[in-house]
Amino acid sequence: MTHDTVIAGARVVTASGTTICDIGITQGQIATLGSGLTGTEVIDATGLIALPGGIDSHVHISQPSGPGIEMADDFISGTRAAACGGNTTVLPFCLPEDGQTLREAVAAYRKKAEGNCMTDVSFHLIVKQTDPVTLGQDLPALIQAGYTSFKVFMTYAGLALSDRQILEVMAVAKEQNAMVMVHAENEDAIEFLRDRAEREGETGPYHHATTRPVPVEREATHRAISLAEIAGVPLTIVHVSNGEATEEIVRARARGLTVFAETCPQYITLTASDLDRDGFDGAKYVCSPPPRTADEWPKIWAGIEQGTFDLFSSDHCPFRFNDTAGKDAPGARKSFRNIPNGIPGVETRLPILFSEGVVAGRLSLERFAAITATNHARLYGLYPRKGAIMVGADADITLWDPTITKPIRQEDLHHGSDYTPWEGFEVTGWPVRTILRGRTVMQNGNPLGAPMGTYLERTAPDMQV
Ligand code: DUC
Ligand code: ZN
Ligand code: ZN
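Residue indices follow the written sequence of each chain, beginning from 1 at its first position. Ligands are numbered from 1 and chains lettered from A, in the order in which they are written. For a predicted model such as this one, the threshold for reporting local features is a pLDDT of at least 70, and the threshold for listing and counting side-chain atom pairs is 80 or more; totals across whole chains, interfaces and linings nevertheless cover every residue. Only hydrogens and water are set aside; all other atoms, that is, all heavy atoms of the structure, feed into the side-chain values.

Caption draft 1: Up close: the coordination of the zinc ion (ligand 3). Sites may look incomplete, because water is not among the atoms used; the donor set itself consists of N, O and S atoms within 2.8 Å of the metal (3.2 Å for Na, K and Ca). Distances from the zinc ion (ligand 3) to its protein donors, namely His58 (NE2), His60 (NE2) and Asp315 (OD), fall within the range 1.9 to 2.0 Å. Counting the intervening residues between successive donors of the zinc ion (ligand 3) yields the motif H-x1-H-x254-D. Between the two metal centres, the zinc ion (ligand 3) and the zinc ion (ligand 2), the spacing is 4.2 Å. The burial state of His58 is the same as that of His60; both residues are buried. Categorising residues by exposure relies on relative accessible area from a 1.4 Å probe, with only protein chains included: less than 20% of the type maximum marks a residue as buried, more than 50% marks it as exposed, and the intermediate range marks it as partly exposed.

Caption draft 2: Spatial organisation of the state of the cysteines. Only a pair of cysteine sulfur atoms within 2.5 Å qualifies as a disulfide here. Throughout the structure, instances matching the rule amount to zero disulfides. In this structure Cys264 is a free cysteine whose sulfur lies 8.3 Å from that of Cys287, the closest cysteine sulfur available. You can call Cys264 buried: its relative accessible area is 0%. There is no disulfide at Cys317, and the cysteine sulfur nearest it, in Cys287, is 8.9 Å away.

Caption draft 3: Highlighting the side chain of Thr348. Helix and strand assignments follow DSSP, with helices taken as H or I runs no shorter than four residues and strands as E runs no shorter than two, numbered in order from the N terminus. Residue placement: Thr348 occurs in the loop between β14 (311-312) and α11 (349-359). Contact partners of Thr348, with chain neighbours within four places excluded, come to Ile408, Leu413 and Trp422. Residues are treated as being in contact if the distance between any of their heavy atoms lies within 4.5 Å.

Caption draft 4: Highlighting the packing of aromatic side chains. Any two rings among Phe, Tyr and Trp, with Trp reduced to its six-membered ring, count as a pair given centres within 6.5 Å; such a pair is stacked if its planes are under 30 degrees apart, edge-to-face if over 60, and tilted if neither. All told, the structure shown has eleven aromatic pairs when counted by the stated rule. Considering the side-chain rings of Phe75 and Phe123, the 6.0 Å spacing of their centres and the 40 degrees angle between planes classify their relative orientation as tilted. Here Phe123 lies in the loop between β8 (120-121) and β9 (124-126) and Phe75 lies in helix α1 (residues 75-84), a separation of 48 residues in the sequence. When sorted by exposure, Phe75 lands in the same class as Phe123, which is buried.

Caption draft 5: Structural detail: the site of ligand 1. A cutoff of 4 Å decides nearness: a residue is near a molecule or strand if any of its heavy atoms lies inside that distance of it. Around ligand 1 sit His58, His60, Lys151, Tyr156, His183, His239, Ser288, Asp315, Cys317 and Asn341, and that is every residue in its neighbourhood. The term polar contact refers here to a pair of N or O atoms within 3.5 Å; inside protein, the definition further demands a hydrogen-donor-capable atom paired with an acceptor-capable atom, and it admits residues adjacent in sequence only when both atoms are side-chain atoms. One nitrogen or oxygen atom from the side chain of His58 is found 2.9 Å from an oxygen atom belonging to ligand 1. The separation between a nitrogen atom of ligand 1 and a polar side-chain atom of His60 is 3.1 Å. Bound to the protein, ligand 1 loses 94% of the 240 Å² it would expose on its own. Residues are grouped as follows: nonpolar covers Ala, Val, Leu, Ile, Met, Phe, Trp, Tyr, Cys and Pro; charged covers Asp, Glu, Lys and Arg; every other residue, Gly included, is treated as polar. Within the shell around ligand 1, the residues separate by chemical class into two nonpolar, six polar and two charged. The accessible surface values rely on the Shrake-Rupley method and a 1.4 Å probe; as for residues, cover is taken only from the protein chains in view.

Caption draft 6: Representation of the coordination of the zinc ion (ligand 2) within the structure. Lys151 (NZ), His183 (ND1) and His239 (NE2) make up the full set of protein donors to the zinc ion (ligand 2), lying at 2.1 to 2.2 Å. One chain supplies every donor for the zinc ion (ligand 2), spaced along it as K-x31-H-x55-H.

Caption draft 7: Looking closely at the environment of Ser335. The residue Ser335 is located in the loop between β14 and α11 in this model. Ser335 gets classed as buried once you look at its relative accessible area, which sits at 6%. C-alpha of Ser335 to C-alpha of Trp422: the two residues are 87 residues apart in sequence and 24 Å apart in space. Residues contacting Ser335, with those up to four places away along its chain left out, are Glu198 and Thr203.

Below, the structure is given as structure tokens:
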């Protein structure tokens, strides 16, 4: 049998281990894993590692961000950067604009994505309203239509839900078998600390971090887990930043609860001191939860190594720095409160984890594949089509050169932001080719071809990760 494409001689990371073999691709799917395969196109991948294409299940693209504020990435630039960083699927969040229903928001967001994506995409929902139409009609209908995961916030005016509301939303998730993702920070505590900081003249970017200290996240993590226990649903705690919140997850699991957890590159490489950089530069690092102290890094690493963290995502939430529609928003230099919240990272997530995890000897290639692709596919209803190199799956494959050592540089990246928080951060290992359903969409740092990404309908979450 002659395949459309054969990837020859790579070290292939499959569900059952790592082996040197050929990957035969036909009609966009993996048809054969073996040796001596023949193909119309043969990609010599000797010396390279073939990993499942990255799935970044936590990105923000073209998300409404308040009056006059604009996210730095639309679907064109966001998915271009994702593909160049070794990803083949991203899951952005669909947030209704004020006055928009969830259904209207989904329709509008689908239009924005249509024809513009260099990776496949699928949307999580953000539930910010709990009126009878949203919870009784729209949300159940959308879940049944394949939007099988949604995020709720415990912070941010206009987004934060009360405990009662969270329980109401969780009840829908239980009925419809959907995944609830929680942003766990205590809004009242943050507001108290922010008001006090402002009264005391502590208004620079650094005070974004001091007004969202660890107990704010630890308490909300505990409460979110308790609410899920009361509602009788699994949940995913997203962007966990510190050891105490991690302990809450470990304790909940020991009690038999189904709690999944996600962490991100910023929580193993950045610190709150980055928000204290000269002038206004600290604004480049403002994200929530904020980066902590370096003492927290080994605690997050322990969680990654011990399996507490199922997911390693970027939480790519890009704004331009030199832009009044971005980090330099009106009032941002007067108070950290007005600095748009989020950092770019979809293109650097995988190289940072590969370097700090695999090359540093903390992670096996198999575990790297699990927390960067396979678990994302399982938890969010994309498996077995996505997330693993196996016969019958989509041929979403990233070829890695484990010998490349280089500093991360903004000038080499493809996102819409005008900076990277990891400027100068040295990594070993870089994706050199990204293959989406059998077609090369990035080679040697260059995006290739017209956008061929499609929207992915999803099935129910697999809670057995
Ligand atoms: N939460 C996110 O998930 N992303 C960016 C900002 C935030 O608060
Ligand atoms: Zn969040
Ligand atoms: Zn996010």
